[in-house]
Amino acid sequence: MIAPERTDTGGAGPDWPVLGRDTEAGYGERTLTAPDGPGLIVTGEPGVGKTRLAELLLDRCADRGLLVLRGAAADATRHIPGVGVAGLRRHDAPDWLSPGGRLRDELPHDRPVVVGIDDADHLDDASAAILADLRAVADVRLLLTAGRVTGLPAALTDRPLPRLELPSLGRAVTSELLARVLGRVDGRTADLLWRATRGNPRLLRGMLDIGLETGGLTRSHGVWSWRGRLGDEPRVRDLASTDLGTFDGPDLTALRYVALAGRLPERILVDLVGADAVAAVAGRGAVVPSGAVAVEPGARPRTVTMAHPLYRQLALAGLGQLRRRQMYRDLVRAGGRAGTRGVDIASAVWWRLEADLPRRGIGPGIAAVRALAAGDPVLAEDLAQHVPGPRGVGLRAQALMAQGRATETERLLGAVDRDAELAALRSLNLFWGLSRPADAHAEVLGARVAAGTAAGPAGDDLEIAELAVSLFTRGATRATAAGPGDRPRPASDAGPPPAAGRSRALNPLVADAATTMNAYLLTFRGQPALAADRFADGGLALPARWPAMRGSAAACHVQALVLAGRLAEATRLADRYYAEAVRRGQPVEVAVVGHARGLCAMWAGRPAEALPALREARALVDEHTPFPVRVFVSCEYAVCVATLGRPDEAYRELDRGLAGIPDDLGLRDRVEFSQIRALAHSGRLAYAADLADRLADRYLDAARLTTAVECAYFQVRLRPSTRGAARLRAAARQCDSPLFDLFADHADALAAADAPALCEVADGFAGRGYLGLAYEAAAAVTGGGRAGRDAERRLADLARRSAGPYPPWAGGPAADPLTPREREVCELAASGLTNAAIAQALNISVRTVTNLLERAYHKLGIHRRRQLPAALSRSLIPVIRE
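Residues numbered from 1 in each chain as written. Predicted model: local features only at pLDDT ≥ 70, side-chain atom pairs only at ≥ 80, totals over all residues. Heavy atoms only, no water.

Undergrad: Sorry if this is basic, but what is going on with the overall build of the protein here?
TA: Assigned secondary structure in the protein consists of 42 helices and 11 strands. For the protein, contacts bridging at least 24 residues in sequence account for 67% of all contacts bridging at least 6. Summing over all exposed atoms, the protein offers an accessible surface of approximately 36400 Å²; the carbon and sulfur share of this is 51%. (Helix = DSSP H or I, 4+ residues; strand = E, 2+ residues; numbered from the N terminus. Contact = heavy atoms within 4.5 Å. Areas by Shrake-Rupley, 256 points an atom, 1.4 Å probe, with all protein chains shown as cover.)

Below you can see the structure in the form of structure tokens.
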């Protein structure tokens, strides 16, 4: 890769680095500097970087001793004879003036000369003839840039030059370029900008300038994100229209057909505009293949789509209603002639509707359902406009929810009389889309009163909507989720909760919610291994229509694998889910799946590696993000920064999260557990252990077994005891995870100070990839002997494999300088208690408290009580600098 010129982060800077051009630069340099090198023509679409590459090649030629002359042509002067060569400048003599027509007399004959002409397709004929003549009398190599070779003057094409077609930047290079120019950019924004510009550097730079000036591109938690849709900004449309304005005649007509269809089989487009027009727009990069080329009977035919998504709305901007209708009729007729294979049925229905032709086959309602199932909610919304009555309202609501347009969904559903199905949709949207749990619960209750409690399709919809709220509410029902076609069952019933499949009985988006709720219930009620297996065998499948539910289900799948002890598999899956979410471009899905990637790194004992993923997820979260997603992302981010030695930032993050959660939501317990973890990582071990002890019992009382195991395990790591180990073992036996059994083994070994057992536990964790927990187990071995030597070897190996930092209770490089009793007294003093109150709480004398504090002050290097909070954290946490 060509070494970049680093620009200031936080802006798009005047000088961008040249990235991703290694192959082209190497070929160009070899061609120009070879003995008797013929020269080179660099071509490509406008803004692709031809000038930058040519400048780089000219600099390299100058460095290798060749004489370099630089010049540029312009369309405004192409008819002025000789003006092209009159503007040439020597790289080694800034004051040198080109002699124009006498240029051949000024050139040396003892070394090669490279003449670079930018935009050579605008060169005047006289200058072109002079340059062609130079190639005959001296060792002159021409380096020309041109949009199209066919536009070059004839004098420059008599002796053909090698041609280098410069492509746009790929997705990965575009992401790296954004990182070099701006700093950290979230994956969704990087992909969004790549898809909008297709890697065209000039368009990309223009987009960044517009985003920074208008506030569309904002920075949160150190990560740049584009808020809203790109096409909503008028200046973005103006930027794209600069290129689109160069199309006319059949080429523009071809673009409009593709824009109307979205995706169009190439044979239909050829039938409409002819092969030459199709070749022209494809050659200029305005349309690109979408799908496979049909090389065998039965294979899917080749389809094309707009290269730049912004082109679609611009191509249709000047299209009147009558012309639009006629073009849709043309599409229908061309499909009849060329065949509609490769056109999805929903699109075919939409063409006939817009063409105002009689309906054939399925109606718009079924077509809208199919469009939703195919992941095209925009088309589904359009089709739903043609469906009357409550069914049309429901379809439009689903399409809006699938696009993440929760406010518009509420405006639509809140204004109509709602049956049970529409009430279920509204409740789900209120809670997951607008974070209004009380209103969501009231909607379900009102619908039950109106519809009665009878079972059936409507009742099942309401059951799922109610569960989606109650699952995160304190004191909620302990019912399992209803899979489509199943009624919820009490947790006391035998057997696992039913898998979420597909059923006609449930509204499609409610079915998506049912899948996700099943995944949550299995994972967090003690059956993560079963949840992982259900995903693997198809019993649970990622929702196809609703981004928030799809992302939540994907994250739940990852977490189920993590909690089942399959961390390596979870990490691979999280990376795959993240890449897929980025392609789809929905912020909520990218955020929750990105959080899952960070979660894997945290469980692997690598918080520094987890931070970028968690920071990106946190940056994508805003007031429109559903409550559960917002809380999960915020909590793990806070714990991560606390682990890395920034407890104050963690406390602020958790306080903000807690302030926005109603008192009756069980999500407050998730925040409380994260606060406990942050306290422990900041060194307040005794206080954290007390809080974790109480919270674990509360989780057990509510039958939230998975979180109960996590919390009880955390507590016993802070304060090993036979009671804590027994509680954890009892809870683990009610679950199906082999990892939880390993947790219980660790607790037993800690409580018994069993060195061989701790070594065995460390090996068990290490073999599964949980290196941080493996280090903790090995670090707990005390004393010498064979077990001590084995533990030391394990610690050395784990230290090489894991990045740390190690938690305060694990010993190692961050070992606590205080004794347990000294730390306990210091924590109480830091919380504001007097020496007398501390003595009474611990049943020791005031003199003993005073002595313990004096020894602790000496060890911590402080002199005053008010210095204790910061000193307690500093004594244990090695701050990680990024």
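Undergrad: Explanation requested: the packing of aromatic side chains in the structure shown.
TA: Think of a pair of aromatic rings as described by two things: how far the centres are apart, and how the planes are tilted against each other in angle. Under the definition given, this model contains 10 aromatic pairs. Where W603 meets F743, the ring centres are 6.2 Å apart and the plane angle is 10 degrees; that geometry is what we call stacked. With W603 in helix 27 (residues 587-603) and F743 in helix 35 (residues 738-752), the pair connects residues that are 140 residues apart, well separated along the chain. Across the pair, exposure class does not vary: W603 and F743 are buried alike. Through a chain of ring-to-ring contacts, the aromatic side chains of W603, Y713, F740, F743, F765 and Y770 assemble into a single cluster. A cation over an aromatic ring shows up here: R597 above the ring of Y578, its NZ or CZ 4.3 Å from the ring centre. Stacked on the ring of Y713, the Lys or Arg R717 has its end atom at 4.9 Å from the ring centre. (Phe/Tyr/Trp six-rings, centres within 6.5 Å; stacked < 30°, edge-to-face > 60°. Buried < 20%, exposed > 50% of the residue type's maximum accessible area, 1.4 Å probe, protein only. Lys NZ or Arg CZ within 6 Å of the ring centre and 35° of its normal.)

Undergrad: What is the right way to read helix 40 (residues 835-842) from this model?
TA: What sets the pattern is the α-helix's 3.6 residues per turn: residues three or four places apart point alike. Those residues of helix 40 lying buried are N835, I838, A839 and L842. One face of helix 40 carries all of its buried residues, which in axial projection span an arc of 100 degrees. Of the residues in helix 40, the exposed ones pointing more than 90 degrees away from the buried face are Q840 and A841. For helix 40, the elements touching its buried residues are helix 39 (820-830) and helix 41 (846-860). (Arc of directions from axis to C-beta.)

Undergrad: Would you take a moment to explain the side chain of R717 for this structure?
TA: Residue position: R717 is located in helix 33 (residues 705-718). Within the local environment of R717, its side chain forms a polar contact with the side chain of E776, the two groups lying 2.6 Å apart. Setting aside residues up to four positions removed in sequence, R717 forms contacts with H746, L750, L773, E776 and W809. (Polar contact = N/O pair within 3.5 Å; in protein donor to acceptor, adjacent residues only side chain to side chain.)

Undergrad: Sorry, what's going on with the side chain of D669 here?
TA: In this structure, D669 sits in helix 31 (residues 667-681). What makes D669 buried here is its relative accessible area of 2%. Side-chain polar atoms of D669 contact the side chain of R704, separated by 3.2 Å.

Undergrad: Hey, could you run me through the sheet that holds strand 1 (residues 39-43) in this one?
TA: Paired through their backbone hydrogen bonds, the strands of a sheet run either parallel or antiparallel. Strand order in the open sheet formed by six strands is 3-2-4-5-1-6, with mixed pairing between adjacent strands. Only two strands of the sheet have a single neighbouring strand rather than two, namely strand 3 (89-90) and strand 6 (163-165). As judged from the five bridges shared by strand 4 (residues 113-118) and strand 5 (residues 140-146), these two strands associate in the parallel manner. For V115, the partnering residue across the bridge sits in strand 5 and is L142. Where helix 5 (residues 125-137) meets the sheet, its contacts fall on strand 4 and strand 5, and the angle it forms with strand 5 comes to roughly 150 degrees. (Pairing = 2+ DSSP bridges. Axes fitted to C-alpha atoms, helices over the stretch in contact; angles between N-to-C directions.)

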